[in-house]
Amino acid sequence: MTAVLTNLFDGVAYGMLLFVLACGLAVTLGLMNFVNLAHGSFAMAGGYVCAVLVNQAGWPFFLGLPLAFVASALIGALFERSLYRHLYTRGHLDQVLFSIGLVFMSVAAVDYVMGSSRVFIRLPAALEGQFDVFGVGIGRYRLMIIVICGLLTLGLQLVLARTRFGSRLRAAVDDPRAASGLGINVPQVFAFTFAFGCGLAGLGGALGAEILGLDPYFPLKFMIYFLIVVTVGGSSSITGPFLAALLLGIGDVASKYYVPRMGPFAIYTIMIVILLWRPNGLFGRTAPR
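Let me sum up the structure you'll find in this document.

What counts and what doesn't
Residues numbered from 1 in each chain as written. Predicted model: local features only at pLDDT ≥ 70, side-chain atom pairs only at ≥ 80, totals over all residues. Heavy atoms only, no water. Pairing = 2+ DSSP bridges. Helix = DSSP H or I, 4+ residues; strand = E, 2+ residues; numbered from the N terminus. Patch = residues over 30% accessible without salt bridge, like charges linked within 9 Å, V, L, I, M, F, W, Y side chains within 5 Å. Areas by Shrake-Rupley, 256 points an atom, 1.4 Å probe, with all protein chains shown as cover. Salt bridge = Lys/Arg side-chain N within 4 Å of Asp/Glu carboxyl O. Phe/Tyr/Trp six-rings, centres within 6.5 Å; stacked < 30°, edge-to-face > 60°. Expected span 1.5 Å × (residues − 1). Buried < 20%, exposed > 50% of the residue type's maximum accessible area, 1.4 Å probe, protein only. Disulfide = S-S within 2.5 Å. Core = buried A, V, L, I, M, F, W, Y, C linked by side-chain atoms within 4.5 Å. Contact = heavy atoms within 4.5 Å. 1 Å grid on protein atoms, 1.4 Å probe; cavity = no way out; pocket = protein on both sides within 12 Å on 5 of 7 lines; lining within 4 Å. Points joined across faces, edges and corners; volume = space filled by probe spheres on them. Axes fitted to C-alpha atoms, helices over the stretch in contact; angles between N-to-C directions. Nonpolar A, V, L, I, M, F, W, Y, C, P; charged D, E, K, R; others polar.

## Quick notes on the pairing of strand β1 (residues 130-133)
Item 1. Here four bridges tie β1 to strand β2 (residues 136-139), and the two strands are oriented antiparallel to one another. For Val133, the partnering residue across the bridge sits in β2 and is Val136.
Item 2. Linkage of β1 to β2, two consecutive antiparallel strands, is achieved through a turn of two residues, within which Phe134 is found at a positive phi near 55°.

## Comments concerning a nonpolar patch on the surface
Item 1. Nonpolar side chains collect at one region of the surface, where Val4, Tyr257, Tyr258, Val259, Met262 and Phe265 lie side by side and expose about 580 Å² of accessible area between them.
Item 2. Along the chain, Tyr258 falls in helix α10 (residues 239-258).

## A look at the packing of aromatic side chains
Item 1. A complete count under the given rule lists 15 aromatic pairs for this structure.
Item 2. Pairing Phe34 with Tyr84 gives two aromatic rings, centres 5.4 Å apart and planes at 70°, and the pair type is edge-to-face. Here Phe34, found in the loop between α1 (2-31) and α2 (39-56), pairs with Tyr84, found in the loop between α3 (61-82) and α4 (92-114); they are 50 residues apart in sequence, far enough to count as distant.
Item 3. Between the aromatic rings of Phe42 and Phe194, the centroid separation amounts to 6.1 Å while the plane-to-plane angle is 90°, which identifies the pairing as edge-to-face.

## Describing α10
Item 1. Here α10 spans 28 Å end to end across 20 residues, near enough to the 28 Å set by a 1.5 Å rise per residue.
Item 2. When we look at burial in α10, the residues that qualify are Gly240, Pro241, Phe242, Ala244, Ala245, Leu246, Leu248, Gly249, Gly251, Asp252, Val253 and Ser255.

## Observations regarding the state of the cysteines
Item 1. Using the criterion set out here, one finds zero disulfides in the structure.
Item 2. The thiol of Cys149 is not disulfide-bonded; the next cysteine sulfur, from Cys23, is found 8.7 Å away.
Item 3. Between Cys198, a cysteine without a disulfide, and Cys23, which holds the nearest cysteine sulfur, the sulfur-to-sulfur distance is 11 Å.
Item 4. Here Cys198 falls in the buried class, since its relative accessible area comes to 1%.

## A short note on the nonpolar core
Item 1. Core analysis: the biggest nonpolar cluster contains 86 residues, and Cys50, Phe61, Tyr141, Leu207 and Phe218 have the highest contact counts within it.
Item 2. When residues of this core are assigned to their parent elements, the largest contribution, 15 residues, is made by α1.
Item 3. Ignoring anything within four residues of it in the chain, the contact list for Phe218 reads Leu21, Gly40, Ala43, Met44, Leu212, Gly213 and Phe226.

## A word on empty space enclosed by the protein
Item 1. As enumerated under the stated definition, the model contains one cavity of 30 Å³ or more in all.
Item 2. In this structure, the largest cavity encloses a volume near 40 Å³.
Item 3. Along its surface, the largest cavity is lined by Phe19, Val20, Cys23, Cys149, Leu152, Thr153, Leu156 and Leu200.
Item 4. When residues of the lining of the largest cavity are traced back to their parent elements, those giving at least two are α1 and α5 (140-162).
Item 5. A per-element tally of the lining of the largest cavity places α5 first, with four residues.

## Some thoughts on the packing of α4 against helix α9 (residues 218-233)
Item 1. Taken N-terminus to C-terminus, the directions of α4 and α9 make an angle of 140°; their axes are 9 Å apart at the nearest point. Of the residues in α9, those in contact with Ile100, Val103, Phe104, Ser106 and Val107 of α4 are Pro219, Leu220 and Met223.
Item 2. By residue class, the composition of the contact of α4 with α9 is seven nonpolar, one polar and no charged.

Dropping the structure here:
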């Protein structure tokens, strides 16, 4: 039983991390109706910013995390204003081809600048090791991930559902012309939303570097995981991807522990079963937009 609870805890931490990494894609794909397959590149950027600041410059880890968010958000804002904004009205195929091209460019650029070696971020001593609670091993770093990701999830849900900005974003997506007529600055709303999603990806990349590792092929290796979270959860809300990330994280950790030969096969099985049951995802819309 203690082993089961330990695996459950690790699965929840992994699922929380997947959600923070993928929730930016859930926002851009579900709320902005934009397919950004280069989302993992912004996560990689945040991870490398944090790694350079902590490992090479000697900055505190807890200072590197918000700076990773800010750096990725600024990069996202720059790309949105210069490149992405021209593709909002284009078809999904154009968006996919453009963003996947950015992925390969980012992989080549990071490999040239940072090298191809895997990078891990140096953690403070307070986050290393684990402690036992009734025989259940609780990793300090994973507990921190659960706390930070849980707070981010609550904050994001409140912003989108209870604030004026959330209502403006939904109005801008549903009918941009009507929203503009009501005085909503649609380009500004989209730019801020896209930058914020990129910042969340960068924060997730910094948090996940110790668990997932960081190398130039990070966007390609985890692109499918981001898409699975959004697809299984449904792209019309934040609740769906959150529950999907938890389910997939627990399933992935449990399958690798109990059935190691299956590897990542279990996560794809879970995806297929859920999509056969609910083709639009757990909380997906049943009617087209």
